[in-house]
Amino acid sequence: MLKLKNINKTYQTDKIETIALNDINLTVNKGEFISIMGPSGCGKSTLLNIIGLLDKPSSGEISISDQQITSYQDKVVASLRNKKIGFIFQSFHLINDLRVIDNVELPLLYRDISAKERRSLALAALERVGLSARTTHFPSQLSGGQQQRVAIARAIVGKPALLLADEPTGNLDSHMGNEIMKILESLHQDDGTTIVMVTHDEEEAKRTQRIVRVYDGQLVAATEQPLHLDATA
Amino acid sequence: MYRNYLIMACKVLLRRKMFTFISLFGISLTLAVLLIASTLFDNYIYPNGPEKRSANFVNIDGVVLHSKNRNSVQNGDLGFHFIANNVARLKVPEIMSWYTNKRDVASFINGSRLQNSMRRTDEKYWQILDFEFVSGRHYTAQEFASGAKVMVINHSTEREFFDEQSAIGKKITVSNQTFQVIGVVKDVYELEHYAHSDMWVPYTFANTSYQQHILGDWSALLYHSNAAMIPMMQQEYLQLLANDFISVDPIRFATAYSAADTKFTAFSRQLNSDDDYQTNSTAIASILILLAVAFMVLPSINLININVSRIMERSSEIGVRKAFGATSRQLVIQFVIENILLTAIGAVIGLVISTLVLWQLEVSQAIPGADFQYTWHTLFYGITLIFFFGLLSGVFPAYKMSKLHPVAALKGGA
Ligand SMILES: Nc1ncnc2c1ncn2[C@@H]1O[C@H](COP(=O)(O)OP(=O)(O)OP(=O)(O)O)[C@@H](O)[C@H]1O
Ligand SMILES: [Mg+2]
């Protein structure tokens, strides 16, 4: 599903060269739910951005859905991001000027889809996160947890192969965080979505199938763990 | 897709009421001011009253005279002697007219005293300037030659003297001379300096003492049916003064400086207080045009500024849109459309404001006789300006914004 080979990322600022990622090799299988952990500044977000094609590695190879990324031309990566990837951010990043439904429709605007179809797909996605009753609200009229659910609806509306979440519960209290985790688990379990999540929370990480640990830009360990919900599956 | 952008733009503008309001306020006000200024200027340079043929004539209304030893300088309006001996020798103009400034005169009617302005002119004056007659006619070459005591008055004067009755055939006494009214013209917009007056009479009615002065209160209009001949007329006049100036007194008034001005160069000369006719008229015009351009560029730089900061405020939106598949090109189009929509609305409001202001100026008679029209070139300026504003203030910020790296945009656009 996702394959990273010898990924390096260095930032050049003035005279200092920061090595954010150092020779990362990682494979994520289709339908897998993994978490990335590590201390602040170790390169987790950098890694996620590179996976999400928001950033270009200094060297190395990436392939998504068995398709190797060879070009970082704006048009090419924009189309790949649009079709294959859904993002969830720590600070939601909803567009405050747009209603909930318009926020969710956003990824579909960059596809060749009729307005009617967009609307019905967006409503379905909002239903999936339990927010059908809030479609005409503006983001500022929602709680943090609700905003993040809107963001999840936006991330899944285009049915991407890969869902990337950078500390999706980082701005929420534990109760709301748990709600979000439940939705992610359900997306994984019921819809077979592949999810890569960055988290600081051990408990949350333990609910995923595999924990990838990063220190100073290097992968140090990948802990396989039995999926706690396997029994019920 | 464009329809989506347009709908999106409407949503954003409606949602950001404060920003929309401030932007619209700025755009429409700037545009209104520019439109009003350019209409006033346009109506001044290309009036639509009697001076409507302004593209085909130049006017000489002053001269600077230096003495032979250069110790004394005198300047003023032309004297008849100067015109008759110098201007009259020009070959290029097809029609030339001599006329005096307006002078306030007292007239008596039924024992009451009225104050009016009067000009003395020749009959060619009526050929170069195209007055609209309410009734009657202007004086003929024959009446002029014979010094007939006939008079043309404007509509206000007719009403002032004769109430609702026709003035044609009636008598008016000015400075102990009695004139018969033969024509009534529509009131003239005051800024049409060469035409504006209350009464006009042939200058031949009086004695000939005025003919001896080199300075006086006269002007000369030079006309050519081909507007392209204007520079030739100006040149011919300058050369005549330089090479072959005929003076009443070659010692006291040895050299003469003057110019035959279009409405535009006359305006620039006034603005530059160029009283000694030393500045090249094209140089004056260039400075004026440069100033006008600067005046137009400044507000759009300001708009660019507002737009850049507004778009940068939306860096999170830019990051999100890029993350979900927008290309830089799509983002540029989105922001430009938003901006064009905003400018277009502002333009319509600006057009409405300026129309209302100009209309109010007309009906209030703040400028007597004013009759403003958006001529085709004023409208053309307006539309060009709108386009200029919309593109200049929209494209650059949109381009700058689209170059934002998505990760940086999501972090806050640093
Ligand atoms: N644009 C940049 N320019 C220079 N250095 C950068 C840039 N972005 C990140 N870095 C550096 O790269 C390293 C990794 O940053 P990254 O944001 O990936 O950390 P993180 O693991 O996500 O941290 P956190 O848990 O605090 O979010 C840090 O040392 C950071 O200073
Ligand atoms: Mg991070």
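Quantities reported herein were computed from a predicted structural model and do not represent experimental measurements.

**A short note on the overall build of chain A**
Then, number 1: Across its full length, chain A carries seven helices and 10 strands.
Then, number 2: Its C-alpha atoms give chain A a radius of gyration of 18 Å, within 12% of the compact-globule value 17 Å for 233 residues.
Then, number 3: Here the C-alpha coordinates of chain A stretch approximately 50 × 45 × 35 Å along the principal axes.
Then, number 4: Burial analysis of chain A (233 residues in total) assigns 54% to the buried set.
Then, number 5: When contacts within chain A are restricted to residue pairs at least 6 apart in sequence, those whose partners lie at least 24 apart make up 67%.

**Some details on the environment of A:Ile101**
Residue and element names in this part refer to chain A.
Then, number 1: Topologically, Ile101 is positioned in helix α3 (residues 100-109).
Then, number 2: Sequence separation of Ile101 and Ala122 is 21 residues, and the distance between their C-alpha atoms is 6.5 Å.
Then, number 3: In contact with Ile101, other than residues within four places in its own chain, are Arg119, Ala122, Leu123, Leu126 and Thr135.

**Focus: the domain arrangement of chain B**
Then, number 1: Taken as a whole, chain B is organised into domain 1 (2-48 + 283-410) and domain 2 (62-260).
Then, number 2: Inter-centroid distance (C-alpha atoms) of domain 1 of chain B to domain 2 of chain B is 46 Å.

**Overview of the sheet that holds strand β4 (residues 59-64) of chain A**
All names here are of chain A.
Then, number 1: The strand order β2-β1-β4-β5 describes an open sheet built from four strands, whose pairing is antiparallel. The open sheet is flanked by β2 (16-28) and β5 (67-68), the only strands paired with a single partner.
Then, number 2: With nine bridges connecting them, strand β1 (residues 2-13) and β2 associate as antiparallel partners. By the bridge assignment for β2, Thr13 is matched with Ile16.

**Quick notes on the site of ligand 1**
Then, number 1: Around ligand 1 sit 13 residues in total, of which A:Ser40, A:Gly41, A:Lys44, A:Ser45 and A:Thr46 are the nearest.
Then, number 2: The site occupied by ligand 1 is bordered by residues of chains A and B.
Then, number 3: Within the contact set of ligand 1, an oxygen atom lies 2.5 Å away from a side-chain nitrogen or oxygen of A:Ser40.
Then, number 4: Measuring from an oxygen atom of ligand 1, one finds a side-chain N or O atom of A:Ser45 at 2.7 Å.
Then, number 5: Burial of ligand 1 by the protein chains amounts to 66% of its free accessible area of 630 Å².
Then, number 6: Elements represented by at least two residues in the shell around ligand 1 include exactly β1 and α1 (44-51) of chain A.

**Some points on the pairing of strand β8 (residues 150-154) of chain B**
Residue and element names in this part refer to chain B.
Then, number 1: Within β8, five of the five residues are buried, which leaves it mostly tucked inside the rest of the structure.
Then, number 2: Neither face of β8 is left uncovered, since the one carrying Val150, Val152 and Asn154 and the one carrying Met151 and Ile153 both have all their residues buried.
Then, number 3: Alignment of β8 against strand β10 (residues 177-185), held across five bridges, turns out to be parallel. Bridge pairing links Val150 to Gln180 in β10.
Then, number 4: Here β8 pairs with strand β11 (residues 199-202) via two bridges, running antiparallel. Counterpart to Val152 in the pairing with β11 is Trp200.

Scoring rules and cut-offs
Residues numbered from 1 in each chain as written. Chains lettered and ligands numbered in written order. Predicted model: local features only at pLDDT ≥ 70, side-chain atom pairs only at ≥ 80, totals over all residues. Heavy atoms only, no water. Helix = DSSP H or I, 4+ residues; strand = E, 2+ residues; numbered from the N terminus. Rg over C-alpha atoms; globule rule 2.2 N^0.38 Å. Buried < 20%, exposed > 50% of the residue type's maximum accessible area, 1.4 Å probe, protein only. Contact = heavy atoms within 4.5 Å. Domains from an automatic or database assignment. Pairing = 2+ DSSP bridges. Near = heavy atom within 4 Å. Polar contact = N/O pair within 3.5 Å; in protein donor to acceptor, adjacent residues only side chain to side chain. Areas by Shrake-Rupley, 256 points an atom, 1.4 Å probe, with all protein chains shown as cover.

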